[in-house]
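# Architecture at a glance
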Amino acid sequence: MGGFPESSPSNSPRKRILILGVIFFLVVVAYVIYLFGMQIVQGQEYETRARQVARQVVPIPAQRGEIYDRYYDVPLVMNVNSFAVEIIPGELTNKELDTVLSRLSSALNISVKSLEAKITSEFRNLYNPVELASNVSYETIIYLAEHKEQFPGITWRSKQVRRYLESGSISHVLGYVGTITSEELQILYNQGYNAGTTLGKTGIEKMYDKVLRGTDGKRYKTVDVTGRSVQQSIHSEVPPENGNDLVLTIDRHIQRLCEQALGDRVGSALVLRPSNGEVLAMVSYPWYDPNLFYKKDGEKRFSELSNDPMFPFLNRTIQSAYAPASTFKVIMTSAVLGEEAFDPQDTVTCRGSLRLGDRTFHCWKRSGHGPMDLPHALAQSCNVFFYTMGHEHLGVDSIVKYARDFGFGRITGVDLPGEVSGVIPTPEWKEKNYHTPWVGGDTVNMSIGQGYTTVTPLQMANALALLVNEGEIYRPHLVREIRDPVSGKLLREIDPDVLHKSSLEPELFREVKDAMRLVITDGTARYVVSTNAVDPAGKTGTGQTSHSQSGENFNSWFVAFAPYDAPPEEQLVLVIMVESVNEWEWWAPKAANIILQGIFAEQDYDEAVDSLNAWYLR
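Computed from a predicted model, the values in this text were never measured in an experiment.

A few words now on empty space enclosed by the protein. To find the voids left in a structure, one rolls a probe of water-molecule size over its atoms. For the structure shown, the criterion picks out 3 cavities of 30 Å³ or more. Lining the largest cavity, in full, are Asn553, Phe554, Ser556, Val578, Glu579, Ser580, Asn582, Glu583, Trp584, Glu585, Trp586 and Trp587. When its volume is computed, the second largest cavity comes out at roughly 50 Å³. Gly407, Arg410, Ile411, Thr412, Gln459, Asn462, Ile473 and Leu499 together form the lining of the second largest cavity. Its residues assigned to classes, the lining of the second largest cavity comprises 3 nonpolar, 4 polar and 1 charged.

In this structure, Ile204, Leu248, Phe385, Phe408, Leu478, Met516 and Trp557 are the most contacted members of the largest nonpolar core, which totals 93 residues. Of all the elements, helix α18 (residues 457-468) adds the most residues to this core, at 9 residues. Excluding residues that lie within four positions of it along the chain, Phe385 makes contacts with Phe342, Val348, Met372, Asp373, Leu374 and Ala377. Among the nonpolar cores identified, the runner-up in size contains 33 residues, and Cys258, Ala560, Trp587 and Ala591 belong to it.

On to the sheet that holds strand β11 (residues 267-273), then. With antiparallel pairing, the 5 strands of this open sheet are ordered in space as β12-β11-β23-β22-β21. What marks the edges here is a single partner per strand, and that holds for β12 (278-285) and β21 (537-543). Across the sheet, the mean angle separating the axes of adjacent strands is 5° when strand polarity is ignored. Two elements, strand β22 (residues 555-562) and strand β23 (residues 572-578), share 7 bridges in a ladder whose sense is antiparallel. Residue pairing in the sheet places Val559 in a bridge with Val575 of β23. Strands β11, β22 and β23 of the sheet are contacted by helix α20 (residues 587-600), whose axis makes an angle of about 150° with β23.

The element helix α12 (residues 329-339) is extensively covered by neighbouring structure, given that 9 of its 11 residues are classed as buried. Restricting attention to buried positions, one finds in α12 the residues Lys329, Val330, Ile331, Met332, Thr333, Ser334, Ala335, Val336 and Leu337. One or two steps after α12, the chain reaches Glu340, where phi turns positive at roughly 50°.

Here is what the cut-offs are and how they apply
- Residues numbered from 1 in each chain as written.
- Predicted model: local features only at pLDDT ≥ 70, side-chain atom pairs only at ≥ 80, totals over all residues.
- Heavy atoms only, no water.
- 1 Å grid on protein atoms, 1.4 Å probe; cavity = no way out; pocket = protein on both sides within 12 Å on 5 of 7 lines; lining within 4 Å.
- Points joined across faces, edges and corners; volume = space filled by probe spheres on them.
- Nonpolar A, V, L, I, M, F, W, Y, C, P; charged D, E, K, R; others polar.
- Core = buried A, V, L, I, M, F, W, Y, C linked by side-chain atoms within 4.5 Å.
- Buried < 20%, exposed > 50% of the residue type's maximum accessible area, 1.4 Å probe, protein only.
- Helix = DSSP H or I, 4+ residues; strand = E, 2+ residues; numbered from the N terminus.
- Contact = heavy atoms within 4.5 Å.
- Pairing = 2+ DSSP bridges.
- Axes fitted to C-alpha atoms, helices over the stretch in contact; angles between N-to-C directions.

Below is the structure:
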């Protein structure tokens, strides 16, 4: 009879319990082995990882390098000791925070709203210090210390701030520093910058930031997840490496002379050494005082300047391009000679205007100059002569070629940020930008530096440098040396860098320079540039703008080099540009007269003016 077999001993509950026991024992043994491996074999590794996770790096700011003018005796920019006030948000409840910020607002003279804005939500419950104010006076710190019980969670530390000892027109050269923005940090994070870093915003401070800022040190401490320090001992510390000092090409005496000669007129003044590209003076008005940005109401001052319709942050020597007006006739004269387009001894009769199609182009002298040869046409700045050269003898392509040879239409590469290139128009350029063809009137306007042509004052200085050097332009620069901040040892000297070499013959440049000398002795600047301290050569320029359509105001240019008959190593190039927004007074050549007198007679502004006045009263 069939049926199920009886249970065997192997299927008894006792055996099943034994099997489960063995499995449980093996699992326990496996866990013991695993824990042994983690705690004993790999314990040191995990401990190291834990310490690294809990270790916080506190930067030790490096001292920023100082900036000097070419004499390397008195700094233009230095660091001064100050204090920064910080708060540790995690130590305060919301109610305590409100009370402390209200009291701190009175002590620091900063609005509660501004203080609250600096404590973002990500830091609210952490024990990491948050900076609330910098450049805090010692007296304020004493007050906070004496009333410490009223300011829980508030700490302070020493923090150096930038002090600009020369804060006039040199501000556009030096620039200023500020705290890194989130946008800047995204770009510069991998270059050693971090949140809270101070960096250059404009000028030399920005262009040479990596040289000036040095390398921050590091201090390591152990913290918990909220950032609270869990032990007083410091694991290690890496000291900072201070930034290097910069020595500029600027001569502070010439800079001040140019600043005073330009006065409170919107425009610029520039002095360049053509033999090596050194910029001795770079003045742009209006200027600003960067020291204001580090005061309690610094943000307000900065905002006011940013919204000023006169654009005080604009460095007009490199960031503004203007119609070169009659100064462009220097390039036209070079083109006529270089192309052998017209015998320089032949004449064109100026009757005060030139008719082209249905348009009449006037000379600045409506009665006409009469017969004009090339040198005297430049000296007298005869429009009709150069209208004729451009339209009948050169053409737009030749004019463009020589303008570019003189450095127009491209940046100079000066060691300052924000330089613009200006415009040298071509038929293709006009078609692309205005969707209209080039016409004869465009060539005529271009021939006297009007129309679409624009250049910067620095480009104009480079064009004169090409003349002085008889075919070479050196890259203009403002930094002369880099020096060790402690020993003063010369670390690097900036060598002259040839920017461009012209293929034109030296004799051509000599003829143009002779004609420019005629501008001073028997031309448009004869009675204005009266200095006896030096024999200059130059060119005046009066440019019509949108401000001057009514005939009231014009841009005033004057470009010059001196001494006229000296070798290039001894010559200086001077460019003055006064914008049409000023009351018309044809100031550029007058300012140049003062500057030339001051430089070559080694006089300050007042002495130069007195000397020139004495000459007029003779």
